[in-house]
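Structure assessment
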Amino acid sequence: QVQVVESGGGLVHAGGSLRLSCAITGRAFSLYTIGWFRQAPGKAREFVAAISSRGDTYYTDFVKGRFTISRDNAKNTNLQMNSLKPEDTAVYYCAADRTTAQTIGLTEPEYWGQGTQVTVSS
């Protein structure tokens, strides 16, 4: 009984920025780790970044130094994406599970949002 809603996708030129937001509601939502994943056409879903209920963060190597995940409060999580590249183009999904920031990308999170499209033109 947890709902996940992400927003903030759009179209930007290479080098631009976007901020994605994820809102989680439902019972015990403050205990959940939030992870961001993305999937491009013809490619497998991949982990991007995560933040735990304690504020611990974890990033995949290809976004380190460009993306920043933060948590405004127990409900709202943001993914600030800077220096975007065409290869960042994908549908970005927010997911929630009661696990750690380091492990949420290694399992199938319990709850998922519907996704938001990010397109970076060259």
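In case you missed it, the structure is sitting above this.
Report on the accompanying structure. (Residues numbered from 1 in each chain as written. Predicted model: local features only at pLDDT ≥ 70, side-chain atom pairs only at ≥ 80, totals over all residues. Heavy atoms only, no water.)

Concerning the environment of Thr68
Formally: Helix numbers and strand numbers start at the N terminus; a helix is a DSSP run of H or I with at least 4 residues, a strand a run of E with at least 2. Buried means the residue's accessible area, taken with a 1.4 Å probe over protein chains only, is under 20% of the maximum for its type, while exposed means over 50%, and partly exposed covers the values in between.
Along the chain, Thr68 turns up in strand β7 (residues 67–71). A residue is classified by how much of its surface remains accessible, and Thr68, at 42% relative accessible area, is partly exposed. Sequence separation between Thr68 and Ala50 is 18 residues; the distance between their C-alpha atoms is 9.6 Å.

With respect to the sheet that holds strand β1 (residues 2–7)
Put simply, the test is: For two strands to be treated as a pair, DSSP must find at least two bridges joining them. Every axis in this analysis is a line fitted to C-alpha atoms, fitted for helices over the stretch in contact. Angles between the N-to-C directions lie between 0 and 180 degrees.
In spatial order, the strands read β1-β3-β8-β7; together these 4 strands make up an open sheet with antiparallel pairing. Strands at the two margins of the open sheet, each flanked by one partner only, are β1 and β7. The sheet shows a mean angle of 15° between the axes of neighbouring strands, direction not considered. By the bridge criterion, 6 bridges tie strand β3 (residues 18–26) to strand β8 (residues 76–81) in an arrangement that is antiparallel. Bridging across to β8, Cys22 finds its partner in Thr77.

Considerations on the pattern of salt bridges
Let me state the cut-off plainly: Should a side-chain nitrogen of Lys or Arg be within 4 Å of a carboxyl oxygen of Asp or Glu, the pair is scored as a salt bridge.
With the rule as written, the count across this model stands at 6 salt bridges. As a salt-bridge pair, Glu108 and Arg45 come within 2.8 Å of each other at their nearest N and O atoms. A residue pair is termed long-range when its members are at least 10 positions apart, and Glu108 in the loop between β9 (90–97) and β10 (111–112) and Arg45 in the loop between β4 (33–39) and β5 (46–51) qualify at 63 residues. Arg54 is paired through a salt bridge with Asp56; the nearest N and O atoms lie 2.8 Å apart. Residue classification places Asp56 among the partly exposed residues on the basis of a relative accessible area of 32%. By sharing partners, the salt bridges in this structure join Arg38, Glu46, Arg66 and Asp88 into a single network.

Scope: geometric values only; no functional claims are made or implied.
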